[in-house]
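Here are the chains, one letter per residue:
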Amino acid sequence: MAKEHAALLALLTAGIAVTIVKPAEAKITCSEGFQLVDGAMLSTPYCRDNYVAAVARKYGFDAPDAKVRNNPNFKREICRWIGHDIRVKDACEEIEPSGRGRF
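Residues numbered from 1 in each chain as written. Predicted model: local features only at pLDDT ≥ 70, side-chain atom pairs only at ≥ 80, totals over all residues. Heavy atoms only, no water.

1. A closer look at the pairing of strand 3 (residues 40-43)
Note: strand 2 (residues 34-37) against strand 3, four bridges, orientation antiparallel. Looking at strand 3, one finds that Val-37 is bridged to Ala-40. Linking two consecutive strands that pair antiparallel, namely strand 2 and strand 3, is a turn of two residues; a positive phi of about 50° is found at Asp-38 within it. (Pairing = 2+ DSSP bridges. Helix = DSSP H or I, 4+ residues; strand = E, 2+ residues; numbered from the N terminus.)

2. Brief notes about a nonpolar patch on the surface
Side chains of Phe-34, Leu-36 and Met-41 sit close together on the surface and give an oily, nonpolar patch of about 260 Å² of accessible area. Tracing the backbone shows Met-41 in strand 3. Judged by its relative accessible area of 40%, Met-41 is partly exposed. (Patch = residues over 30% accessible without salt bridge, like charges linked within 9 Å, V, L, I, M, F, W, Y side chains within 5 Å. Areas by Shrake-Rupley, 256 points an atom, 1.4 Å probe, with all protein chains shown as cover. Salt bridge = Lys/Arg side-chain N within 4 Å of Asp/Glu carboxyl O. Buried < 20%, exposed > 50% of the residue type's maximum accessible area, 1.4 Å probe, protein only.)

3. Let's talk about the pairing of strand 2
Across two bridges, strand 1 (residues 30-31) lies against strand 2 in antiparallel orientation. Of the residues in strand 2, the one forming a bridge with Cys-30 is Gln-35. As consecutive antiparallel partners, strand 1 and strand 2 are separated by two residues, and within that stretch Glu-32 has a phi angle of approximately 50°, a positive value.

Structure, rendered in structure tokens:
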């Protein structure tokens with residue numbers, strides 16, 4: 001009987017250890033192209049690209065977040081169509097500069 005309790009206790013302890021050691025899932029929080037970092041909203045490429053995808057979807061494009069982030073040619077194509085929108089103008093100019101400079 002004592003061996004059964006010891007085995008049960010060992011299993012329970014092992015189960016608790018697995019639960020405690022389980023890594024926490026980090027989730028990036030974005031809002032309109034800005035990422036929440038230590039309580040401050042910062043513009044990051046990840047969130048800007050997600051915002052480009054979100055705005056493109058509002059225009060009717062099939063634009064998954066990951067595809068815009070991972071495929072510069074797809075982002076360039078989307079920006080050709082929606083880059084005039086003030087919400088994504090800066091994010092789109094990163095990939096397709098307007099050419100307007102000092103000279």
